[in-house]
Amino acid sequence: MRFSMVGSGLLSITGTSFAFLAPLIQAGTMGGLPLMVGMSLAGTPVQLALAPFLPKLKRVFSPLVSGIVVLLIGLSLIPTGMRSIARLPAEGAPVWSGGLVALVVIGVMIIAQSINKAWARMAAVLVGVVTGYTICGLMGWLQSPAPSSGSWLTLPQLFPFGLAFKWELLFPFAFIYLVCVLEAMGDITATSQLSGLPTDGPDHWARIRGGILADGLTCIGSTLLGGFPSATYAQNNGVIQMTGVAARRIGWVMAIILLCLGLFPRWVAGLR
């Protein structure tokens, strides 16, 4: 979405980034949640300060540089995915259960993509997820947490954990915010290409500038409410390529769904 200068105007998804994991762990060890949230908030000016000057810095932050950053972040997630596959889906499940479910899900998605039908290609991810849940349900591997005893409606709170600050952690957090700027540039460029838009010229750089401004403002809002920094994701690019759908109204629908999931956690737990 785009509001004046804020936003890329593309179907770009943001969320908490793995890139912040190392400094967040260090801050948590030194000062718990208050320091984690406080340092996350302290680093947000990096994105806001760089965004207006990105068109002039395009020779420094070239597509090659941003592409390598996106590749390295993607490669760093492979061990996490492998550990998740190897983890048992439920206590007492066979050691091969996680790998079997993963292989079946991947196979179903490949088959759906291979069918010469638009609906199959668009629904490949959904069909894969439903297949995985169905297998786990039939085998008794689904796990559901106990319903919360809190209220049905949970409103966000300002500074729920407090704030703390340490100068020695400012550089590590600022550096990761810089990495997220490079990552966002690559992700937004890929989204533009998959959406059939030019990946050069004033309009393209306006999309990048607006997207990174939105990232900075989102990080500020997230940390003020006790959350962690967010970054533009690349996962939506794979989904856009698989489904051929890049309509921004999909982003509105998903935003409303996620908002409801956050405001009504007890209802969500009951569904699970």
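Worth saying up front: this structure is predicted, and the values here are computed from it rather than measured.

Definitions and limits used
Residues numbered from 1 in each chain as written. Predicted model: local features only at pLDDT ≥ 70, side-chain atom pairs only at ≥ 80, totals over all residues. Heavy atoms only, no water. Helix = DSSP H or I, 4+ residues; strand = E, 2+ residues; numbered from the N terminus. Expected span 1.5 Å × (residues − 1). Buried < 20%, exposed > 50% of the residue type's maximum accessible area, 1.4 Å probe, protein only. Contact = heavy atoms within 4.5 Å. Phe/Tyr/Trp six-rings, centres within 6.5 Å; stacked < 30°, edge-to-face > 60°. 1 Å grid on protein atoms, 1.4 Å probe; cavity = no way out; pocket = protein on both sides within 12 Å on 5 of 7 lines; lining within 4 Å. Points joined across faces, edges and corners; volume = space filled by probe spheres on them. Nonpolar A, V, L, I, M, F, W, Y, C, P; charged D, E, K, R; others polar. Core = buried A, V, L, I, M, F, W, Y, C linked by side-chain atoms within 4.5 Å.

(A) Fine view of helix H3 (residues 63-86). The first and last C-alpha atoms of H3 sit 35 Å apart over 24 residues, in line with the 34 Å expected at 1.5 Å per residue. Where H3 is concerned, the buried positions are Ser66, Val69 and Ile73. Where the residues of H3 are buried, they touch helix H7 (170-194).

(B) Focus on the packing of aromatic side chains. Summed over the entire model, instances satisfying the criterion amount to three aromatic pairs. Relative to Trp167, the ring of Phe165 lies with its centre 4.9 Å away and its plane at 85°, an arrangement referred to as edge-to-face.

(C) Summary view of unusual backbone geometry. Not every positive phi belongs to a glycine, and Phe159 is a case in point at roughly 50°. In this structure, Phe159 sits in the loop between helix H6 (124-138) and H7. Taking relative accessible area as the criterion, Phe159 reaches 36% and is therefore assigned partly exposed.

(D) Region of interest: the layout of surface pockets. Roughly 1,500 Å³ of internal volume is contained in the largest pocket. Ser12, Ile13, Thr14, Gly251 and Ala255 are the residues nearest the centre of the largest pocket, which is lined by 45 residues in total. Secondary-structure elements contributing two or more residues to the lining of the largest pocket are strand S1 (14-16), H6, helix H8 (202-224), strand S2 (230-232), helix H9 (235-243) and helix H10 (248-263). For the lining of the largest pocket, the residue count by class is 25 nonpolar, 19 polar and one charged.

(E) Seen up close, the nonpolar core. Of all hydrophobic cores here, the largest spans 17 residues; its most connected members are Leu54, Val181, Met185, Ile208 and Ile212. For this core, the secondary structure elements donating two or more residues are H3, H7 and H8. Every residue in contact with Leu54, bar those within four places of it in the chain, is listed here: Phe61, Val181, Met185, Trp205, Ile208 and Ile212. Membership of the second largest hydrophobic core comes to 14 residues, among which are Ala27, Met36, Ile176 and Cys219.

(F) Layout of the side chain of Ser40. Within the secondary structure, Ser40 sits in helix H1 (residues 21-42). On the accessibility criterion, Ser40 (0% relative accessible area) is buried. Residue contacts for Ser40: discarding those within four places in its chain leaves Leu24, Phe173, Tyr177, Thr223 and Pro229.

(G) Structural view of the environment of Thr243. The topology assignment puts Thr243 in helix H9. Sequence spacing of Thr243 and Ile85 is 158 residues, and the spatial spacing of their C-alpha atoms is 25 Å. Contact partners of Thr243, with chain neighbours within four places excluded, come to Arg121 and Met122.

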